[in-house]
Amino acid sequence: MKRKIGLASATWMLLFLACKESPKTEIPQVETVVPAETPIKEEVAEQNALRECYRFTGNNDTITIKLAKKGERIIGTLDYYFYEKDKSTGTLEGHISGDTLFAVYEYTSEGRLSKREVAFLKRGSVIKEGFAEVEEVDGMFRFKDGAVLDFENNVVLNATDCD
């Protein structure tokens, strides 16, 4: 099953990578701890004044991300709905470094709970997901040490009103 998820993730990443040279960002180490007493989805709902929401729709696919700032950390939800494929829905927690969000995405897909690092580059009113080589460490997919993030893909999430 791990191999199936890894293969699916790798296939998805390859579909969206551009062939041309693209902006690269060094990947800092991400360490996050989710407090057990308050689920992230409830925290995001409480942070209405500090929310940012983004959405991509194309080729019958939809990606939504809702972000809220809580102290120095960023929390939120991230949902992938790919046409004729299993959806991935979950929460994320991380931090902003410059114009890039680095977070841990904890999600459910195919009835299974998984974790992986994610990165999003913000440019004005849009964000783009970054991709790089990953490895599984302690049951979580992490960007490899020294890997360079590639943000040149066709998936652009536009700012939208938060529900």
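A quick note: this is a predicted structure, and the numbers were derived from the prediction, not measured.

Basis of the calculations
Residues numbered from 1 in each chain as written. Predicted model: local features only at pLDDT ≥ 70, side-chain atom pairs only at ≥ 80, totals over all residues. Heavy atoms only, no water. Helix = DSSP H or I, 4+ residues; strand = E, 2+ residues; numbered from the N terminus. Buried < 20%, exposed > 50% of the residue type's maximum accessible area, 1.4 Å probe, protein only. Contact = heavy atoms within 4.5 Å. Areas by Shrake-Rupley, 256 points an atom, 1.4 Å probe, with all protein chains shown as cover. Pairing = 2+ DSSP bridges.

Let's talk about the overall build of the chain
The helix and strand tally for the chain stands at two helices and 12 strands. Ordered by position from N to C terminus, the α and β elements of the chain give α-β-α-β-β-β-β-β-β-β-β-β-β-β. Evaluated residue by residue, the chain yields a buried proportion of 42% over its 163 residues. Taking the intrachain contacts of the chain between residues at least 6 apart in sequence as the baseline, contacts between residues at least 24 apart amount to 48%. Counting only carbon and sulfur atoms, one obtains 49% of the accessible surface of the chain, whose full area is about 9,500 Å².

Looking at the pairing of strand β7 (residues 112-123)
Inspection of the sheet shows strand β6 (residues 100-109) paired to β7 by 10 bridges, in the antiparallel sense. Note on β7: the bridge partner recorded for Ser109 is Arg112. Between β6 and β7, which pair antiparallel and follow one another directly, the connecting turn spans two residues, one of which, Glu110, has a positive phi of 55°. Direction of pairing for β7 relative to strand β8 (residues 126-129): antiparallel, over a ladder of four bridges. Bridging across to β8, Leu121 finds its partner in Lys128. Where β7 folds back on β8, the antiparallel hairpin that results is connected by two residues, among which Gly124 adopts a positive phi of roughly 65°.

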